[in-house]
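Examining the three-dimensional arrangement
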2 protein chains.
Amino acid sequence: MGILDIFRANRDQGTASVAKERLQILVAHDRAFRNRPSYLPKLQEEILAVIRKYVEVDMNAVSVNYEQDNDQELLELNIVLPEAGGRG
Amino acid sequence: MGILDIFRANRDQGTASVAKERLQILVAHDRAFRNRPSYLPKLQEEILAVIRKYVEVDMNAVSVNYEQDNDQELLELNIVLPEAGGRG
């Protein structure tokens, strides 16, 4: 079972069958060089900026989860898009 | 068990303990409006462009997986970063 299957299975469990425009982004960074400053927080801002070129994003509808341990960082962005959505 | 735990558990299984700088990005899009053209392929290019501001990315070290079904799209980017890496 690949990571995509697990990802999908987990999502299926969590959501009701309400049609909702939703974007979920996971960024995982395995850091071999721990002494370097992380660029994930900056990356997060820039990825959001890119997404906003394509869809309207209400910043209140964005939830961010950031985790860091010894050699790995995980950034999770959950965005509920407005029903009217779409920018082009 | 949250999605991040599953994600992490799966990654731990798959990798040996070799220290490698690696970036993995998952974008999942639940589409309520299926008739709209997808912007994920464009998003993929732009996310890569953003990442390249922070780290050197050898395009040969990028693997892309894109899946689409009725109401969901999944984009997966796997990037092995060069050991010398780091752009700032």
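Described below are features of the structure shown in this document. No experiment lies behind these values; they were computed from the predicted model shown.

Counting its regular elements, chain A contains two helices and three strands. Relative to its full complement of 88 residues, chain A shows a buried share of 44%. Taking the contacts inside chain A whose residues are at least 6 apart along the sequence as the reference set, 60% of them involve residues at least 24 apart. Here chain A has roughly 4,700 Å² of accessible surface; of this, 47% comes from carbon and sulfur atoms.

On inspection of all chains with the given rule, the structure shows two aromatic pairs over all chains. Note on Tyr39 of chain A and Tyr54 of chain B: the rings are 5.6 Å apart at their centroids and 15° apart in plane angle, and the pair reads as stacked. Residue Tyr39 of chain A is found in the loop between strand E1 (22–30) and helix H2 (40–54), and its partner Tyr54 of chain B is found in helix H2 (residues 40–54); the two belong to separate chains. On the accessibility criterion, Tyr39 of chain A (11% relative accessible area) is buried.

This next bit is on the pairing of E1 of chain A. All names here are of chain A. Where burial is concerned, most of E1 is hidden: eight out of the nine residues are buried. Bridge analysis of E1 against strand E3 (residues 72–80) gives nine bridges, and the strand direction is antiparallel. When the bridges of E3 are listed, Leu23 appears paired with Ile79.

Okay, H2 of chain B next. The end-to-end C-alpha distance of H2 of chain B, which contains 15 residues, comes to 21 Å, matching closely the 21 Å that a straight helix rising 1.5 Å per residue would cover. Among the structural elements, E1 and H2 of chain A together with strand E1 (22–30), strand E2 (62–69) and strand E3 (72–80) of chain B are those in contact with the buried residues of H2 of chain B.

On to the packing of H2 of chain A against H2 of chain B, then. For the pair H2 of chain A and H2 of chain B, the least separation of the axes is 10 Å and the interaxial angle reads 150°. By the criterion of interaxial angle, the relationship of H2 of chain A to H2 of chain B is roughly antiparallel. Crossing geometry of H2 of chain A relative to H2 of chain B is assigned as right-handed. Contact with H2 of chain A, carried on its side by Lys42, Leu43, Glu46, Ile47, Val50, Ile51, Lys53 and Tyr54 of chain A, involves Lys42, Leu43, Glu46, Ile47, Val50, Ile51, Lys53 and Tyr54 of chain B of H2 of chain B and no other residues of that element. Partitioning the contact of H2 of chain A with H2 of chain B into residue classes produces ten nonpolar, no polar and six charged.

With respect to the helices and strands, the residue His29 of chain A is situated in strand E1. According to the relative accessible area criterion, His29 of chain A is buried, its value standing at 2%. Along the sequence, His29 of chain A and Tyr39 of chain A sit ten residues apart, while their C-alpha atoms lie 9.9 Å from each other. Residues within four places of His29 of chain A in sequence aside, it is in contact with Tyr39, Leu40, Asp71, Gln72 and Glu73 of chain A together with Glu21, Arg22, Leu23 and Leu81 of chain B.

Moving on to the pairing of E2 of chain B. Within a regular beta strand, the side chains point alternately toward one face of the sheet and then the other, so they alternate between its two faces. Residues and elements named next belong to chain B. Here eight bridges tie E2 to E3, and the two strands are oriented antiparallel to one another. Residue pairing for E3: Glu67 is matched across the bridge by Leu74. In this structure, the hairpin formed by E2 and E3 is closed by a connection of two residues.

Attention now moves to the sheet that holds E1 of chain A. The sheet built from six strands is open, its strands ordered E2(A)-E3(A)-E1(A)-E1(B)-E3(B)-E2(B) with antiparallel pairing. Of all strands in the sheet, those bounded by a partner on one side alone are strand E2 (62–69) of chain A together with E2 of chain B. With strand direction ignored, the average angle separating the axes of adjacent strands in the sheet is 10°. Where E1 of chain A and E1 of chain B come together, nine bridges link them in antiparallel fashion. What sits directly across from Asp30 of chain A, in E1 of chain B, is Arg22 of chain B. H2 of chain A rests against E1, E2 and E3 of chain A together with E1 of chain B of the sheet, and its axis sits at about 25° to E3 of chain A. Contacting E1 of chain A together with E1, E2 and E3 of chain B, H2 of chain B runs over the sheet at an angle of about 25° to E3 of chain B.

What counts and what doesn't
Residues numbered from 1 in each chain as written. Chains lettered and ligands numbered in written order. Predicted model: local features only at pLDDT ≥ 70, side-chain atom pairs only at ≥ 80, totals over all residues. Heavy atoms only, no water. Helix = DSSP H or I, 4+ residues; strand = E, 2+ residues; numbered from the N terminus. Buried < 20%, exposed > 50% of the residue type's maximum accessible area, 1.4 Å probe, protein only. Contact = heavy atoms within 4.5 Å. Areas by Shrake-Rupley, 256 points an atom, 1.4 Å probe, with all protein chains shown as cover. Phe/Tyr/Trp six-rings, centres within 6.5 Å; stacked < 30°, edge-to-face > 60°. Pairing = 2+ DSSP bridges. Expected span 1.5 Å × (residues − 1). Axes fitted to C-alpha atoms, helices over the stretch in contact; angles between N-to-C directions. Parallel < 35°, antiparallel > 145°, perpendicular 65-115°, else oblique. Left-handed = near helix turned anticlockwise from the far one by under 90°. Nonpolar A, V, L, I, M, F, W, Y, C, P; charged D, E, K, R; others polar.

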